[in-house]
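Listed below are the residues making up each chain.
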Amino acid sequence: MLDVTGPVLTDDDVRRLSHPMTGGVILFARHYENRRQLTALTEAIREVRDDLLIAVDHEGGRVQRFRTDGFTVLPAMRRLGELWDRDVLLATKVATAAGYVLAAELRACGIDMSFTPVLDLDYGRSAVIGDRALHRDPRVVTVLAKSLNHGLALAGMRNCGKHFPGHGFAAADSHVALPVDGRSLEAILSEDAAPYDWLGLSLSSVIPAHVIYSAVDPNPAGFSRLWLQDILREKLRFTGAIFSDDLSMEAARAGGTLTQAAQAALEAGCDMVLICNQPDAAETVLHELAYAPSKESVRRLKQLRPRCKAPSWRKLVAQAAYQEAQGLLRTTFA
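Everything numeric in this text was worked out from a predicted model, so none of it was measured. (Residues numbered from 1 in each chain as written. Predicted model: local features only at pLDDT ≥ 70, side-chain atom pairs only at ≥ 80, totals over all residues. Heavy atoms only, no water.)

Enquirer: I'm lost on the nonpolar core in this one. Help?
Expert: Most often, soluble globular proteins keep nonpolar side chains buried together rather than apart. M1, L27, F66, M113, F115, F164 and F243 are the most contacted members of the largest nonpolar core, which has 104 residues in total. If one sorts the elements of this core by residue count, helix α4 (residues 88-108) sits on top with 12 residues. When residues no more than four places from it in sequence are discounted, the contact partners of F66 are L27, F28, Y32, L38, V56, H58, F71, L106 and I111. (Core = buried A, V, L, I, M, F, W, Y, C linked by side-chain atoms within 4.5 Å. Buried < 20%, exposed > 50% of the residue type's maximum accessible area, 1.4 Å probe, protein only. Helix = DSSP H or I, 4+ residues; strand = E, 2+ residues; numbered from the N terminus. Contact = heavy atoms within 4.5 Å.)

Enquirer: Explanation requested: the pairing of strand β10 (residues 241-246) in the structure shown.
Expert: For a regular strand, side-chain orientation follows a simple rule: the groups alternate between the two sheet faces. Counting buried positions along β10 yields six of six residues, so the element is predominantly enclosed. Both strand β8 (residues 205-208) and β10 contribute to a ladder of two bridges, which runs parallel. In the sheet register, S205 faces β10, and the bridge partner there is A241. Pairing of β10 with strand β11 (residues 272-274), which is carried by two bridges, proceeds in the parallel orientation. Residue D246 lies in a different strand from β11, and its bridge partner there is L274. (Pairing = 2+ DSSP bridges.)

Enquirer: When you look at the packing of aromatic side chains in this model, what are you seeing that I'm missing?
Expert: Each aromatic ring pair is summarised here by two numbers: the centre-to-centre distance and the angle between the ring planes. On inspection of all chains with the given rule, the structure shows nine aromatic pairs. Summarising the aromatic geometry, the rings of Y32 and F71 are spaced 5.7 Å apart at their centres and angled 85° between planes, so their arrangement reads as edge-to-face. Within this pair, whereas Y32 is found in the loop between β1 (24-27) and α2 (35-48), its partner F71 is found in the loop between β4 (63-64) and α3 (77-86), the two being separated by 39 residues in sequence. Both residues of the pair, Y32 and F71, belong to the buried class. Taking 5.6 Å as the distance between ring centres and 50° as the angle between the ring planes, the aromatic pair formed by F66 and F71 counts as tilted. Against the face of F169 rests R125, its NZ or CZ located 4.0 Å from the ring centre. (Phe/Tyr/Trp six-rings, centres within 6.5 Å; stacked < 30°, edge-to-face > 60°. Lys NZ or Arg CZ within 6 Å of the ring centre and 35° of its normal.)

Enquirer: Honestly, the packing of α3 against helix α5 (residues 138-154) in this entry has me stumped. Any pointers?
Expert: Between two packed helices, both the angle of their axes relative to each other and the distance between the axes serve to describe the pair. At their nearest, the axes of α3 and α5 sit 11 Å apart, and the two run at 115° to each other. The way α3 lies across α5 gives a crossing that is right-handed. The segment α3 lies against α5, with M77, L80, G81 and W84 engaging V140, V143, L144 and L148. Here the contact of α3 with α5 is composed, by residue class, of seven nonpolar, one polar and no charged. (Axes fitted to C-alpha atoms, helices over the stretch in contact; angles between N-to-C directions. Left-handed = near helix turned anticlockwise from the far one by under 90°. Nonpolar A, V, L, I, M, F, W, Y, C, P; charged D, E, K, R; others polar.)

Enquirer: Before we go on, may I ask you to explain the pattern of salt bridges in this structure?
Expert: Pairing between side chains of opposite charge can happen when their charged atoms approach one another. This model, assessed by the stated rule, comprises 25 salt bridges. Here E191 ties to R136 by a salt bridge, and the two come within 3.0 Å at their closest N and O atoms. In this pair, E191 sits in the loop between α6 (185-190) and α7 (194-199) while R136 sits in the loop between β5 (113-114) and α5, placing the two residues 55 residues apart along the sequence. Ionic pairing is found between R299 and E296, a salt bridge with its closest N-O pair at 2.3 Å. Here R299 and its partner E296 are both found in helix α11 (residues 295-302), three residues apart, which amounts to about one turn of the helix. Residue R299 is classed as partly exposed on the basis of its relative accessible area of 33%. (Salt bridge = Lys/Arg side-chain N within 4 Å of Asp/Glu carboxyl O.)

Enquirer: What should I look at first to understand helix α9 (residues 258-268) in this one?
Expert: An α-helical turn contains 3.6 residues, so any two residues separated by three or four positions project in the same direction. The element α9 is largely enclosed, with a buried count of eight among its 11 residues. Turning to α9, its buried residues number three or more, namely L258, T259, A261, A262, Q263, A265, L266 and A268. On its buried face, α9 is in contact with α8 (225-235), β10, β11 and α10 (279-288). Phi for G269, located one or two positions after α9, is positive at around 135°.

Enquirer: Please clarify how the sheet that holds β1 should be interpreted in this entry.
Expert: Within a beta sheet, neighbouring strands are joined by backbone hydrogen bonds and run either parallel or antiparallel to one another. Taken in spatial order, the three strands of this open sheet run β1-β2-β5, and their pairing is parallel. The open sheet has two edge strands with one neighbour each: β1 and β5. In this sheet, strand β2 (residues 53-56) lies alongside β1 in parallel orientation, the contact comprising four bridges. Counted as the bridge partner of L27 is V56 from β2.

Enquirer: Even after reading the chapter, I still don't get the sheet that holds β8, so can you show me in this structure?
Expert: Taking strand neighbours across the sheet as the criterion, the four strands line up as β6-β8-β10-β11 in an open arrangement whose pairing is parallel. For this open sheet the edge positions go to β6 (161-164) and β11, each flanked by a neighbour on one side alone. When strand polarity is set aside, the average angle formed by the axes of neighbouring strands in this sheet is 30°. Lying over the sheet, α8 contacts β6, β8 and β10, oriented at roughly 145° with respect to β10.

This is the structure:
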């Protein structure tokens, strides 16, 4: 999965998207000018390859790529956790509304999925996670994430839990450094990884953390067969797709060059690797990578594509369910 150069496709973009090893496109704020332009961009991508998965990091709070021209400005996920502490039932209802509005608006513009929810625990240690985390208690995180995922599903969108097994305890920012978490496997499984177990079959996909859990494995989780195969697949019986986190991040350089990092992540158990904000470098990886995806990986990734056509924006905003969900968000977080 790679990104395109800007808000409209270039000839170079078309060449990269046409490569048989390209499996998806990730969009950022620089790809957005307004809804009409965004919809035209996703349609143009479909004209090149109608099998590509189009995704975005659109969580709410400070990680929301599209905020103008009608897009609902969503709260940081910590706000849902704070609401839980005051009113449990309202928090679950609002979480469902947030997931529904998030997914319905993206799908109306031709986007297949958002990499959400964040399942990291709010230890108050990680600035890069911070208010992106729902709560400190893994039980609360699980219930709120399940409600959020229900809202996504109501709009026809799959979900993606991140960052397995948990980025909340490690203080360093994996965008600029390589975080290390020295806790025991038992401590991590009983706390941080618990939501991945409890969500079970309702979890569609996962992104592992660019974090080294030094008491468990010398490799970051996204490059570790122990974490991805032995623990996530076998112990936790996860059957969905696994995406790498962005291999352009500083913490991913533990995997060597971009091509070596991509190879290592795929061999460790990722179904698709992400290279963001470096289209030219991503193209080099496309040509250098020696990898043939398994039928199982292809099947898992295909399952993430929406199964029904989304309503246009005009039809969406006229729907009572959308109006009710958006109204609930506005009154709750006014």
